[in-house]
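# Coordinate inspection notes
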Amino acid sequence: MTLAQRWLPRSVECLRSYTVKQFTQDLIAGLTVGLVALPLAMAFAIASGVPPQAGLYTAVVAGFLISALGGSRTQIGGPTGAFVVIVAGIVVKFGLGGLALVGIMAGILLLIMGFTGLGTAVKYIPRPVTIGFTNGIALLIASTQIKDFLGLTTPSVPSEFLARIKMLVHCVGTTRWQTVAVAVASLAIILLWPRLTKRVPGSIIALLLSTAAVAGFHLPIETIGSKFGGIPQGFPHFALPNFQAAHILPLLPSAFTVALLAAVESLLSAVVADGMSGDHHNSNMELVAQGVANIASPLFGGIPATGAIARTATNIRSGALTPVAGMVHALTLLAILLVAAPLARFVPLSTLAAVLFVVAYNMGEWREIGTILRLSKTDVVVWITTFSLTVLADLTVAVGVGMALAALLYIYRISETTTVAPVTREYLEDGQAHILQDKDIPSNVTILRIHGPFLFGTTEKLAEATKDLTHLGDVVILRLRNMTALDATGIHAIEQFSDRLHKVGKTLLLCGGRDQPSDLISRSDFLKHVGAQNVLPHVQAALERARQIQGDFEGIGRELARELEHRPL
């Protein structure tokens, strides 16, 4: 890859051979995801303690720049739930000026990460840490929406989780049935509408119907207009934020947290997009675009932004082919600001609360908790610590402590892999079944080996080595004889590899696992991905299993051939 190619935005690359047919598909996808982003952008802003237009400005400015300058064909950028908790805390302590300062500092840090290649450092965050703070953020987002969902009359809502819940319980007697009715109806529409059609997002239908009901029947519930005075009509205004230099040092940890979250979320979203579209994103260019977007967003009254996984997936499912779809998404929201902004005053906050309840559930990765609990006690400790600190303390503290614990556990696991033992006759005899040199390997079988500990920070090597699955055989044997240690992140990486092979009709076999990796595999959900019959004690058994699989395929092929031969024309 030349220097120019390394730093070339994907939009420039795609536009070199752009066609009218591609534009048509990008236009439809961009309009669709723009409508999906409309309620989300307002909801994320309100939950963050800023006016709803701040979320729309972020989606317009940052969303356009991330698509125009990024390293992914289909990434959609904008405000996300990952920032809600930390943004709300910054606004309470330092105001909008402090939030703008954090956004600009985070943008500069993201630029540094992109230009220096440090973006790859995000792979050193272990899975229990990411699951822990994702669970915590989702719970916090849901807890902030209870007031608007029930229409409670309360004093200023505390930022601390336990104090907030205590106050909400105390004020539950002020619940308004009209608000609850609109909220429940909105929630039902969001959840049930996809069963009718997925072409129009359920959140948009809920937004339109609830807004029409409030405007038409003059329902006595809180709306964007009653709380914020509506949304200004027109372009986002450029203005230098009013912040104080004395806040730089106190806000530096928050800026690091925002930059880290933006990097993790955007690169994770880009990986998901790659899996859905068959593309390969440029991580460093993606972080550069995130940096530029986060510097520009505060200058137009916006909040921090990153890649949005759900909106990116919607973009791809809607037929997006190039970054033009992401730019159309931003322009769609800009058109709504220019034309329909006055109507936003009728949007009920209870509907936006229902939208965020669904977002919190979807982003929480709650199913992963069961997997974590079945793994080693150390992984469980890291997850519980990160989750508890996210909810009860502070996201910056949670990530820092979680990473420190993970680093200590990494050292511990490495030390546990060191053994000293005599070489005995039994040891030599047992090793015969693991040796490759005297084995007959069929042409349709590929053997991969993992050498050393397969822990967080190293798992990306498997994805890099298997980017092109067409070069692999019909049966892939992953030899674990020399894998000395495994953790939750490593298991997740092998699960993803197994799922990728399964999608293209290939089979994964594992063999030769040592005590610690074998024990962890048996206690996780991993066997559901490959099947217990495909985890073998040594490579000799794995090759026998591969021949059996090939024989089964050939037998099925012969039966189909005989059936077709005797079928009348």
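To start, this report covers the structure provided alongside it.

Analysis parameters
- Residues numbered from 1 in each chain as written.
- Predicted model: local features only at pLDDT ≥ 70, side-chain atom pairs only at ≥ 80, totals over all residues.
- Heavy atoms only, no water.
- Helix = DSSP H or I, 4+ residues; strand = E, 2+ residues; numbered from the N terminus.
- Rg over C-alpha atoms; globule rule 2.2 N^0.38 Å.
- Buried < 20%, exposed > 50% of the residue type's maximum accessible area, 1.4 Å probe, protein only.
- Core = buried A, V, L, I, M, F, W, Y, C linked by side-chain atoms within 4.5 Å.
- Phe/Tyr/Trp six-rings, centres within 6.5 Å; stacked < 30°, edge-to-face > 60°.
- Expected span 1.5 Å × (residues − 1).
- Polar contact = N/O pair within 3.5 Å; in protein donor to acceptor, adjacent residues only side chain to side chain.
- Arc of directions from axis to C-beta.
- Contact = heavy atoms within 4.5 Å.
- Salt bridge = Lys/Arg side-chain N within 4 Å of Asp/Glu carboxyl O.
- Patch = residues over 30% accessible without salt bridge, like charges linked within 9 Å, V, L, I, M, F, W, Y side chains within 5 Å.
- Areas by Shrake-Rupley, 256 points an atom, 1.4 Å probe, with all protein chains shown as cover.
- Pairing = 2+ DSSP bridges.
- Axes fitted to C-alpha atoms, helices over the stretch in contact; angles between N-to-C directions.

Another aspect to go through is the overall build of the chain. When its secondary structure is counted, the chain shows 24 helices and 8 strands. What you see for the chain is a C-alpha radius of gyration of 26 Å, in line with the 25 Å of a compact globule of 569 residues. Expressed as lengths along the three principal axes of its C-alpha atoms, the size of the chain is roughly 80 × 70 × 55 Å. For the chain, the proportion of its 569 residues judged to be buried stands at 52%.

Within the largest apolar cluster, 79 residues are counted, with the highest numbers of intra-cluster contacts made by M42, L56, I224, I231 and L352. Broken down by element, the residue count for this core peaks at 13 residues, all from helix 5 (residues 84-116). Counting residues in each nonpolar core, the second largest holds 28 residues, with L375, L472, V476 and M483 among its members.

For the structure shown, the criterion picks out 4 aromatic pairs. Between W7 and F115, the ring centres sit 5.4 Å apart and the planes meet at 50 degrees, which makes this aromatic pair tilted. Of this pair, W7 sits in the loop between helix 1 (3-6) and helix 2 (10-15) while F115 sits in helix 5, and the two are 108 residues apart along the sequence. Seen in terms of ring centroids, F149 and F357 are 5.0 Å apart; in terms of plane orientation they differ by 70 degrees. Their pairing is edge-to-face. Of the two residues, F149 sits in helix 6 (residues 127-150) while F357 sits in helix 15 (residues 349-363), which places them 208 residues apart along the sequence. The class for F149 is buried, based on a relative accessible area of 11%.

This brings us to helix 12 (residues 283-299). Each turn of an α-helix holds 3.6 residues, which means side chains three or four residues apart point in the same direction. Its 17 residues give helix 12 an end-to-end C-alpha distance of 25 Å, which sits within 8% of 24 Å, the value for a rise of 1.5 Å per residue. Counting buried positions along helix 12 gives 14 out of 17 residues, so the element sits mostly inside the fold. The backbone nitrogen of N284 lies 3.3 Å from a side-chain oxygen of the residue at the head of helix 12, namely N282. At the exit of helix 12 stands G301, carrying a positive phi of roughly 80 degrees.

On to helix 7 (residues 161-170). Within the sequence span of helix 7, burial applies to F161, R164, M167 and L168. For helix 7, the buried positions fall inside an angular range of 130 degrees around the axis, keeping them on one side. In helix 7, the exposed positions angled more than 90 degrees off the buried face are occupied by L162, K166, V169 and H170. Check the buried side of helix 7 and you find it contacts helix 6 and helix 17 (377-392).

Turning our eyes to something else, we now look at the pattern of salt bridges. Pairing between side chains of opposite charge can happen when the charged atoms of each approach one another. Within this structure, the stated rule accounts for 3 salt bridges. Where R73 meets D279, a salt bridge forms, and the shortest distance between an N and an O atom there is 3.9 Å. Note that R73 is positioned in the loop between helix 4 (52-69) and strand 1 (77-78) and D279 in the loop between helix 11 (248-277) and helix 12, a separation of 206 residues in sequence. Judged by relative accessible area, R73 falls into the partly exposed class, the value being 25%. The class for D279 is buried, based on a relative accessible area of 11%.

With a phi angle near 50 degrees, H218 is a residue other than glycine that sits in the positive phi range. Position of H218 relative to the elements: it lies in the loop between helix 9 (202-217) and helix 10 (224-228).

Let's shift gears to a nonpolar patch on the surface. On the surface, F23, L27 and L31 cluster together into a nonpolar patch covering about 230 Å² of accessible area. Structurally, L27 can be placed in helix 3 (residues 20-47). Judged by its relative accessible area of 32%, L27 falls in the partly exposed class.

Bringing the sheet that holds strand 8 (residues 535-536) into the picture now. Strand pairing in a sheet relies on backbone hydrogen bonds, with the paired strands running either antiparallel or parallel. Reading across the sheet, the 4 strands line up as 3-5-7-8 and stay open at both edges, with parallel pairing between neighbours. The sheet is open, and its two borders are formed by strand 3 (445-449) and strand 8, each paired with just one other strand. Two strands pair when backbone bridges link them, and strand 7 (residues 507-511) and strand 8 are joined in this way by 2 bridges, in the parallel orientation. Among the inter-strand pairings, C511 is bridged to a residue of strand 8, identified as L536. Against the sheet, helix 21 (residues 488-503) contacts strand 3, strand 5 (475-479) and strand 7, and its axis sits at roughly 145 degrees relative to strand 7.

A few words on the side chain of H329. Along the chain, the position of H329 falls in helix 14 (residues 324-339). Residue classification places H329 among the buried positions, given a relative accessible area of 0%. In this view, H329 contacts G30, V33, G34, A37, A59, G63, I76 and G77; residues no more than four positions away in its chain are not counted.

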